[in-house]
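Chain by chain, the residues run as shown.
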Amino acid sequence: MPEPAAAATAATATPAPPVLEIDRLAVSFAGVPAVREISFSVKRGEMVGLIGPNGAGKSTTLLSIMGAAPVVGGEVRVDGASLRGRRTEDIARSGVALVPEGRHIFPGLTVAENLELGEISRRDDGSHPDSEIDVRELFPIVEEFRHRQAGALSGGQQQQLAIARALLSRPHLLLLDEPSLGLAPSVVEVVWSALRQIRERGVTILLVEQRAQITVQLADRSYVMNNGELRAELAPSEAEDLEKITTAYFGATAEGER
Amino acid sequence: MNWIQTLVDAIGLGSVYALVAIGLALIFGVMRLVNFAHGELITAAGYTLVVAHALPVPVAIALAVLVAVVLAWLMERVAFRRLRNAQPATTLVATFAVAFALEAVWLIAFGARGESADLLSSLNEPAIQTGGVTIRWVTIAMLGVGGILLGATTLLLNRTKIGLQMRAAAADFRAARLLGVRADAVISAAFVISGVMAAAVAILLTAQQPLVTPTFGLEITILALVGIVVGGMDRLTTATMGGFAIGFLNSLLGNLLPSSERVYLPSAVFLIVIIVLLVRPVGLFAPRGASTAERL
Ligand SMILES: Nc1ncnc2c1ncn2[C@@H]1O[C@H](COP(=O)(O)OP(=O)(O)OP(=O)(O)O)[C@@H](O)[C@H]1O
Ligand SMILES: [Mg+2]
C-alpha cells in the first residue's frame, strides 16, 4: 500500500473545517428576531464581507460569534468546534477577536494600557504564526501616543488603536464591525490599507461594513444582509454591478417586512 | 474640648469611613451594584473579634480578615452572581435580602444586646499628650491603616494586571470581556478587596468602642453610602472623599454638639447632605463636565 496515496485520500476525505461556520444562526431580542437562521462560512485566510443597511443584523451576527448576543437557534463553530454556551471571554481567549462597532476603546486609560488589555487573550503557543503582525509597524501612531489618554486621540487614531488592540491577541479569526464608520476619507484610507496588510499576512477576516462597493471589491466574497437574512452573495467582480447590490440591499423591503 | 483634637479625631473617623467607601465603590464601579450587605461583612469581622478575643491579637486580626473576605466572596458567588444580568432593582433587593438574612444570623447567634470585642482597647491609651491635646493610639491606627489601604488599593488598581482589568471592566464591562477579561475574576477580586476593607473597619471601630451589635456594620455603611452619593458614586476617588467627608462631619458634629443635643446628630448630618445634593446633584467632588469613563 503506497503511503503517500493513503495520506492524500485521508486528506481529501476530511478537509480542514472552515475557520468560521455559522449554521442556521438565529438571534432574537425579547422575542423580536434580529438574525433569522443565517448560514455561511469563512475558510482559513479568507476575507469575507458582510454588508447591509442599518438594523440588518450585522453587528448582532458578530456579537453572537463572541457569545454576546441572545442566540435562540443554530450554532457557531470555530475550527470545527461549537461555541454554544461558551463565555465571551473564553471565546476571546481561544483566538477570536472583535473590533466592536463604535471602537469601544477605554478612553480613561492610556493607549499603552488599552494595548495591554489586548494582550490578555494572547496565546504564545505558536499555533497561529500567521497572525504575528507587528502592530507598531502597522500603526505607528499608536506607538507614538503610548502614554496619552486614549480618549484624547482623534476618531481615526482611536479606530487604529481598536484594531491594534485586537491584533495584539494574535487572533486567527478577526471580526471587524464598521471600522470606517465616522472617519474622515483620508483616515478611512489608512484603515483600509491596514486591513489589506492584515489580510496579506493570512489572518482570516469577517468584515462588517456599510461601504458596500469597496467591501465587495476587497473581500473574497461578500454577503448582503437585510432584515436578519442573507439576501445575496457577491464576488469581487460584481463590485461595479451597483444594480445587483442595491437590489439586494433594498429589494425585499417592498414585501413590507420592515 | 480642644479644636486641634476635635479635628484630629474627625480625620481619624473620616479615614475609617473612607475605607467603607472604598469597599462599596469598588463593587459599584465593577458591577453597578450598591451592596447594602457590605455592613454585614464589617459585623462578621466584628463578631470574629468577639469570638477570638482570647487568641493572640495578630491571630484574631487575621481571622477577622479571613472571615470577612470569605463571606464577601461567598456573597457574590452564591447570591449576586446569578443576578448579574438582572434589573438593578432586583439586585438591590437581593443585597437587602442578604443583609437582613445575615442580621438575623447575628441576632440568633449573639443576641441583640451586643458582645464586647475588647482585645484592642489598649489602643485607647493616649499616644501624644501636649497642651490639652490628647491623641490616642487608635486615631493614629485609623490614619495609618486608612492611608496604607488606600495606597495599596491605588497601587493594585494602577500597577497590576488584575487592577487594569478591573478598571477596564468598570469603564465598559462588555468591551473588557470581548478582550478576554474574565468577568468572574474581576468581580471576585472586587469582593475580596471589599472584604479586606470591611475587616479593617471592624478592627478599627472595635478598638475605639468594643461593643459589637447585630447592626454594628449597618449604621456606618448607610452613612458611608450617603457620603459616597454626595461625593460622587461613579469614581473611586470621589466616593472615597465623600466617605471621608461624612465620617469627618459626623465626628466633628458629635464633638461640637452639646451632649444633650447629640440625638439630633443624624438629622444634622442628613440636613447637610440634602443641601449638598440640592446644590451639586452630580456629587460634591465630581469634576465639572465629568463623564463616567474612568470609574476606578
Ligand atoms: N441590545 C439590543 N436590544 C434590543 N434590540 C437590539 C439590540 N441590539 C440590536 N437590536 C436590534 O436588532 C436588529 C439588528 O441590529 P444590529 O445592530 O445587528 O444591526 P446592524 O446591521 O449592525 O445595523 P447598523 O448598520 O446600524 O450597525 C435591529 O433591529 C436592532 O434594533
Ligand atoms: Mg451594527
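Just so you know, these numbers come straight off a predicted model, no measurement behind them. (Residues numbered from 1 in each chain as written. Chains lettered and ligands numbered in written order. Predicted model: local features only at pLDDT ≥ 70, side-chain atom pairs only at ≥ 80, totals over all residues. Heavy atoms only, no water.)

S.K.: Help me out: how do you make sense of the overall build of chain B in this one?
M.R.: Counting secondary structure elements, chain B contains 11 helices and four strands. At 19 Å, chain B has a C-alpha radius of gyration in line with the 19 Å of a compact globule built from 296 residues. Along the three orthogonal principal directions, the C-alpha set of chain B runs to about 60 × 45 × 35 Å. Split into buried and exposed, the 296 residues of chain B put 51% on the buried side. Nonlocal contacts in chain B, meaning residues at least 24 apart in sequence, comprise 76% of its contacts between residues at least 6 apart. Within the structure as shown, chain B displays about 13000 Å² of accessible surface, and the carbon and sulfur contribution to it stands at 69%. (Helix = DSSP H or I, 4+ residues; strand = E, 2+ residues; numbered from the N terminus. Rg over C-alpha atoms; globule rule 2.2 N^0.38 Å. Buried < 20%, exposed > 50% of the residue type's maximum accessible area, 1.4 Å probe, protein only. Contact = heavy atoms within 4.5 Å. Areas by Shrake-Rupley, 256 points an atom, 1.4 Å probe, with all protein chains shown as cover.)

S.K.: What is the right way to look at the overall build of chain A in this model?
M.R.: When helices and strands are counted, chain A shows 10 helices and 10 strands. The burial tally for chain A puts 53% of its 258 residues in the buried class. The long-range fraction of contacts in chain A, counting pairs at least 24 apart against all pairs at least 6 apart in sequence, stands at 71%. As displayed, chain A has an accessible area near 11200 Å², and 52% of this comes from carbon and sulfur atoms.

S.K.: What is the right way to read the site of ligand 1 from this model?
M.R.: Residues and elements named next belong to chain A. Taken together, 14 residues lie around ligand 1, and N54, K58, S59, T60 and E101 are the ones closest in. In this structure, an oxygen atom belonging to ligand 1 sits 2.7 Å away from a side-chain N or O atom of N54. Within the side chain of E101, a nitrogen or oxygen atom sits 2.7 Å from an oxygen atom of ligand 1. Protein burial of ligand 1: of its 630 Å² of free accessible surface, 60% is covered by the chains. In terms of residues, the shell around ligand 1 owes the most to one element, helix α2 (residues 58-65), which gives three residues. (Near = heavy atom within 4 Å. Polar contact = N/O pair within 3.5 Å; in protein donor to acceptor, adjacent residues only side chain to side chain.)

S.K.: What exactly am I supposed to notice about the nonpolar core here?
M.R.: Proteins that are soluble and globular tend to have nonpolar side chains buried together. Core analysis: the biggest nonpolar cluster contains 93 residues, and A:L117 and B:M166 have the highest contact counts within it. Looking at this core element by element, the count peaks at 16 residues for helix α8 (residues 183-208) of chain B. Discounting residues that sit within four places of it in the chain, A:L117 has contacts with A:F106, A:L109, B:L164, B:Q165, B:A168, B:L179 and B:V181. (Core = buried A, V, L, I, M, F, W, Y, C linked by side-chain atoms within 4.5 Å.)

S.K.: What should I look at first to understand the coordination of the magnesium ion (ligand 2) in this one?
M.R.: Each donor-metal-donor angle would ideally measure 109.5 degrees in four-coordinate tetrahedral geometry, or 90 or 180 degrees in six-coordinate octahedral geometry. Residues and elements named next belong to chain A. S59 (OG) and E101 (OE) make up the full set of protein donors to the magnesium ion (ligand 2), lying at 1.9 to 2.3 Å. One end of the pair, S59, is in helix α2; the other, E101, is in the loop between β6 (96-99) and α4 (111-118), with 42 residues separating them in the sequence. A relative accessible area of 18% places S59 in the buried class. (Donors = N, O, S within 2.8 Å, 3.2 Å for Na, K, Ca; no water.)

S.K.: What exactly am I supposed to notice about α8(B) here?
M.R.: One full turn of an α-helix is made of 3.6 residues, so residues set three or four places apart face in the same direction. Compared with the 38 Å implied by 1.5 Å per residue over 26 residues, the 38 Å span of α8(B) between its first and last C-alpha is a close match. Along α8(B), 21 of the 26 residues are buried, which leaves the element largely enclosed by surrounding structure. (Expected span 1.5 Å × (residues − 1).)

S.K.: Help me understand the sheet that holds strand β7 (residues 173-177) of chain A, please; the structure alone is not making it clear to me.
M.R.: One key point about sheets: their strands pair by backbone hydrogen bonds, in either a parallel or an antiparallel sense. Residues and elements named next belong to chain A. Pairing is mixed across the open sheet formed by six strands, whose spatial order is β6-β7-β8-β3-β9-β10. Two strands lie at the open edges of the sheet, namely β6 and β10 (229-234), each paired on one side alone. With direction set aside, neighbouring strand axes in the sheet form an average angle of 20 degrees. Inspection of the sheet shows strand β3 (residues 47-51) paired to strand β9 (residues 221-226) by four bridges, in the parallel sense. (Pairing = 2+ DSSP bridges. Axes fitted to C-alpha atoms, helices over the stretch in contact; angles between N-to-C directions.)

S.K.: It is not clear to me how the packing of α4(A) against helix α6 (residues 161-171) of chain B should be interpreted in this structure. Could you clarify?
M.R.: When two helices pack together, their arrangement is captured by the angle between the axes and the distance separating the axes. Between α4(A) and α6(B), the shortest axis-to-axis distance is 11 Å and the interhelical angle comes to 100 degrees. Judged on the interaxial angle alone, α6(B) and α4(A) are roughly perpendicular. Together, A:E113, A:E116 and A:L117 of α4(A) and B:K161, B:L164, B:Q165, B:R167 and B:A168 of α6(B) make up the contact between the two elements. Residue composition of the contact of α4(A) with α6(B), grouped by class: three nonpolar, one polar and four charged. (Parallel < 35°, antiparallel > 145°, perpendicular 65-115°, else oblique. Nonpolar A, V, L, I, M, F, W, Y, C, P; charged D, E, K, R; others polar.)

S.K.: How do you make sense of the confidence of the model for chain A when you look at a structure like this?
M.R.: Predicted coordinates in areas of low pLDDT are best not read in detail. Predicted confidence across chain A gives a mean pLDDT of 88, with 88% of residues reaching 70 or more. Counted against residues more than four places away or in other chains, residues 253-258 of chain A, with its pLDDT under 50, gives seven contacts. (pLDDT = per-residue confidence, 0-100.)

S.K.: Explain the packing of aromatic side chains to me, please; I cannot follow it from the model alone.
M.R.: Centre distance and the angle of the planes are the two values used to describe a pair of aromatic rings. Evaluated as defined, the whole model comprises seven aromatic pairs over all chains. Their ring planes at 40 degrees and their centres at 5.1 Å tell us that A:F40 and A:Y223 sit as a pair that is tilted. Residue A:F40 is located in strand β2 (residues 32-42), and its partner A:Y223 is located in strand β9; the two are separated by 183 residues in the primary sequence. Of the two residues, A:F40 and A:Y223, neither departs from the other in class, the shared state being buried. Taking 3.9 Å as the distance between ring centres and 5 degrees as the angle between the ring planes, the aromatic pair formed by B:Y47 and B:F110 counts as stacked. With B:Y47 in helix α2 (residues 38-51) and B:F110 in helix α4 (residues 88-110), this residue pair connects regions lying 63 residues apart in the sequence. The exposure class assigned to B:Y47 is buried, which follows from its relative accessible area of 2%. One aromatic cluster is present, built from ring pairs that chain together B:F36, B:F96 and B:F100. Positioned over the ring face of A:F145 is A:R148, at 4.0 Å from the centre of the ring. One cation-aromatic arrangement involves B:R32 over B:F28; the distance from NZ or CZ to the ring centre is 5.6 Å. (Phe/Tyr/Trp six-rings, centres within 6.5 Å; stacked < 30°, edge-to-face > 60°. Lys NZ or Arg CZ within 6 Å of the ring centre and 35° of its normal.)

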